[in-house]
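Remarks on the overall topology
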Amino acid sequence: MAAELGLAAMWLAAALAALQLVAGAMAMNARADGTSELAPLVRPAAVLQGLLAAFAFLSLIYLFAVTDLSVKLVALNSHSAKPLIFKVAGAWGNHEGSMLLWVTVMSTAGALIALVERRLPEKTMQATLAAQGFVALGFYAFLLFSSNPFERLPTPALEGNGLNPLLQDIGLAFHPPTLYFGYVGLSVAFSFAVGALLTRQVTPDFARAMRPWILGAWIFLTVGITAGSYWAYYELGWGGWWFWDPVENASLMPWLAATALLHSASVLAARDALRTWTIMLGVVAFSMSMVGTFLVRSGILTSVHAFAVDPERGTFILALLAIYIGGALAVFAFRAGTVAEGERFSITSREGALVVNNVMLSAILAIVLVGTLYPLLTEAFDVRVSVGPPYFNPVSAIFFFPMVAVLLVGPLLRWRRDSLARIRPSLVIVGLLLLVGIMVALLLSPIGILPGLGLVFAPALAVASVLPLRGRSLRRLPLATWGMVVAHLGIAVALFGMASESAFSEERLVAVQVGQTAEVGPWKVRLDGIQPVAGPNWTALQGRMFASYQGGREIEIDPQSRSFWVPPQQTTESALVTRWNGQLYAVVGNEAGDGKWQLRLWWKPFVTFIWYGGLLIALGGLLALVGRVIADLKRRHAKGRVAQRRKEAKA
Amino acid sequence: MTSGLKPKHQRLVLVLLALVAIIGAGTLAAWALRNQASYFYVPKEMMANPPSPDRGVRLGGMVKAGSLKTDPDGVTIRFLVDDGEAEVPVKFSGIVPDLFVEGSGVVAEGHLGADGTFVADNLLAKHDENYVPRELQDMTEAQKRMAIEETN
């Protein structure tokens, strides 16, 4: 029953999305004096559509929770012997469920703007909601016609196929929803951009209305990427934290675009400059989410993320991609010329620095995009290549480090026009730090150029990021400024972690007998025994080891090599010992003969800073978001009071 | 971009700046891709046209039955990768993927050493029924049959 109700809700939601599109478009095209009769329907339609989509998604979760094996999706992806949390998370751990999650989040966001957003001219809102309906409609069509999650089996299965063991991890419960919130937040920014462009209302108000959505999306993307990186780090057992895998790039590209958009929207909101550029970035950011969805979900890449290998689905997503991006670019091409020129500024100003930030981020985005799509392109000519770190690292660094150099001074500059002479004391501090950094890096040599640059820039950036606090009352500082400081500090911290990890990591690969000791960096690791262990749906060989840091207390670690039986597969469970100054990473391999076992050990100094930095960046975004929302609420409250007073005075 | 410029000019300068950066990035990317993209070889191609030792490439084929040997250090393995027409010796130090066995398909990432041995930094094997390295997916049925016959 739940399956049928969910399906019905999905059809109704799709119908409402169509209504939202038609009514919104008619309202927008109504003459300036008259209003369309359908206009009052747009907001309620958006709200109801959000509720129905949420209902459909809850039905799916219910089906997974009770393991209803008459539903095809459940039978294919779940198993009655799974722990409940993984049953529930399994609802979005597959193609159909994850697409339903996508559209649910998008409709809920649409419902939210329909409910609360009142700052913009009503026509712009109608156009925005119409665009939102248009995007949603495509995804409903995709779900209903080629990926129905509620399809029943003719005869119920006796037992489910189980969930990919790599996905049976607490990370799964959070990782995809987090990224989807990010992708979808960008769809809202996109709808706003289209709405503003269609009604020629590219104003600071528009930037302020759009900004919380960009910030929200950006926070989720940051958290998603950080968590995904850590998950890959400990789950894959390869000791790496970023592989430039197409799927990782699929989440990085929207992040880069959103970061650029965030900064250009703040220029638009504060100074009414960079109007068309902000619109363009809004279109690009959402296009990158769509490209990401396409790369990950179309089956064009083979990876743990590619659920759908059905070519029809890939084609469908590609068609959606072409319609939305092509449509948006066409609207942009026709209307961008009519957007009036924004305010001017000098190159040495906050705007100037942010333009550099935007251009560099866009360049990095282009590099990642080209590198990610290149193998797909050459495959069309029957040449098989793969593109990895030797391409991505140096080429993106060419644009990354100049951007960091500008980031050292940018936040210190005033809007509109400034001079470097005014901020000379801060420049001296940062310059000295850079010099010290360079000397230390030279002393530590040989280390690679990129880690060296990272080690030079990270401390200088850490200090430079808090310099804007100088001479300001910390208690009266707006929350949004705190957000900027924390986020920039997070970049310094993450950069330090990355540089340190690649400069100072030590690796050891040995075969040892039980009782023998292996050394890696400051650690001594003794293999105490290997024993079989069993979990709810797996068995494993578990290495019992004792690790001691510089001859200190011994810590027990138990890396495993797990074998799952539904579906049959093996995974490597690494064991980690975290200290403030780094991590010991241990993996147990196969038996090597003569009672020896393969061990792979890493000592990774300050590797954890990568993820602390990522979390700091997200925290900065959160502070900025809360600060902006509070300020907006206050402004709205004040406006309401002024209006009321005026009314009273009139009376 | 001083305030002396007309508004139109500032926009033009910004657009040009963005275009230069993006085109620069694109050109740089294209140039770097030519040098850094890692090509996929099967043993026949690698024997006919060996890549230079400083170039990262991928080698794909079947692990020849009976060729897998472990060095005395217990962590270095040597085996032959075979495509039915040629064989390339491969050396790998590390923990092999779980489904890496003789007669199965493998993709080795690394470079061809000067002595003709392929030094692998990483081995990709079939993870499970659903996750197969792309190159292995396309390996012809004939090659698979041959590999199976050899194992029998």
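Residues numbered from 1 in each chain as written. Chains lettered and ligands numbered in written order. Predicted model: local features only at pLDDT ≥ 70, side-chain atom pairs only at ≥ 80, totals over all residues. Heavy atoms only, no water.

The biggest cluster of nonpolar side chains holds 151 residues, and the ones touching the most others in it are Leu100, Trp102, Phe139, Tyr140, Phe192, Phe206 and Tyr391 of chain A. Among all residues touching Tyr140 of chain A, those that are not within four sequence positions of it are Met10, Ala13, Ala14, Ala17, Gln49, Ala53, Val103 and Ser107 of chain A. (Core = buried A, V, L, I, M, F, W, Y, C linked by side-chain atoms within 4.5 Å. Buried < 20%, exposed > 50% of the residue type's maximum accessible area, 1.4 Å probe, protein only. Contact = heavy atoms within 4.5 Å.)

Turning next to the packing of helix H8 (residues 204-236) of chain A against helix H9 (residues 246-271) of chain A. Residues and elements named next belong to chain A. Taken N-terminus to C-terminus, the directions of H8 and H9 make an angle of 150 degrees; their axes are 9 Å apart at the nearest point. Classified by the angle their axes make, H8 and H9 are roughly antiparallel. Crossing angle aside, the handedness with which H8 passes H9 is left-handed. Here Pro204, Phe206, Ala207, Arg208, Met210, Arg211, Ile214, Leu215, Trp218, Leu221, Thr222 and Ile225 of H8 lie close against H9, whose contacting residues are Ser251, Leu252, Pro254, Trp255, Ala258, Thr259, Leu261, Leu262, Ala265, Ser266, Leu268 and Ala269. Across the contact of H8 with H9, the residue classes break down as 18 nonpolar, 4 polar and 2 charged. (Axes fitted to C-alpha atoms, helices over the stretch in contact; angles between N-to-C directions. Helix = DSSP H or I, 4+ residues; strand = E, 2+ residues; numbered from the N terminus. Parallel < 35°, antiparallel > 145°, perpendicular 65-115°, else oblique. Left-handed = near helix turned anticlockwise from the far one by under 90°. Nonpolar A, V, L, I, M, F, W, Y, C, P; charged D, E, K, R; others polar.)

This part covers the packing of aromatic side chains. All names here are of chain A. If you walk through the whole model with that rule in mind, you get 28 aromatic pairs over all chains. We note Arg562 situated over the ring of Trp538; from NZ or CZ to the ring centre the distance is 3.8 Å. The positively charged end of Arg579 is found above the aromatic ring belonging to Tyr549, 3.5 Å away from the centroid. (Phe/Tyr/Trp six-rings, centres within 6.5 Å; stacked < 30°, edge-to-face > 60°. Lys NZ or Arg CZ within 6 Å of the ring centre and 35° of its normal.)

There is a patch of nonpolar side chains on the surface, built from Val428, Leu432, Leu435, Ile438 and Leu442 of chain A and spanning about 480 Å² of accessible area. Examined against the element boundaries, Ile438 of chain A turns out to sit in helix H14 (residues 424-444). (Patch = residues over 30% accessible without salt bridge, like charges linked within 9 Å, V, L, I, M, F, W, Y side chains within 5 Å. Areas by Shrake-Rupley, 256 points an atom, 1.4 Å probe, with all protein chains shown as cover. Salt bridge = Lys/Arg side-chain N within 4 Å of Asp/Glu carboxyl O.)

Once that is clear, we can look at the pattern of salt bridges. Residues and elements named next belong to chain A. A full pass over the atoms with the stated rule returns 23 salt bridges over all chains. For Arg152, the salt bridge is made with Glu4, and the minimal N-O distance between the two is 2.8 Å. With a gap of 148 residues between them, Arg152 in the loop between helix H6 (122-146) and helix H7 (170-198) and Glu4 in helix H1 (residues 2-29) connect regions that are remote in the sequence. On the accessibility criterion, Glu4 (39% relative accessible area) is partly exposed. Across the salt bridge formed by Lys72 and Glu151, the nearest N and O atoms sit 3.9 Å from each other. Here Lys72 is found in helix H3 (residues 72-77), whereas its partner Glu151 is found in the loop between H6 and H7, with 79 residues between them in sequence.

Attention shifts here to the sheet that holds strand E2 (residues 506-513) of chain A. All names here are of chain A. What the 4 strands build is an open sheet, ordered E2-E11-E10-E9; its pairing is antiparallel. Each edge of the open sheet is held by one strand with a lone partner, namely E2 and strand E9 (575-579). Along the sheet, successive strands turn relative to each other by an average axial angle of 20 degrees, direction set aside. Pairing of E2 with strand E11 (residues 596-605) involves 8 bridges; the strand directions are antiparallel. Bridge pairing in E11 links Arg508 to Leu601. Relative to the sheet, H8 contacts E9, strand E10 (582-593) and E11, its axis offset from that of E10 by approximately 30 degrees. Sitting on the sheet, helix H16 (residues 479-504) touches E2 and E11, and the angle it makes with E11 is about 135 degrees. (Pairing = 2+ DSSP bridges.)

So, about the environment of Leu123 of chain B. All names here are of chain B. Note on placement: Leu123 falls in strand E7 (residues 118-125). Looking at Leu123, the relative accessible area reads 4%, which means it is buried. Considered as a pair, Leu123 and Gly94 are 29 residues apart in the sequence and their alpha carbons are 9.1 Å apart. In contact with Leu123, not counting residues within four places along its chain, are Ile77, Phe79, Phe92, Val96, Pro97, Phe100, Val106, Val107 and Ala108.

Residues and elements named next belong to chain A. You will see that Arg200, though not glycine, has its phi angle at about 55 degrees, which is positive. Position of Arg200 among the secondary structure elements: in the loop between H7 and H8. If you check the backbone angles, Trp244 has positive phi at about 55 degrees while not being a glycine. Looking at the secondary structure, you find Trp244 in the loop between H8 and H9.

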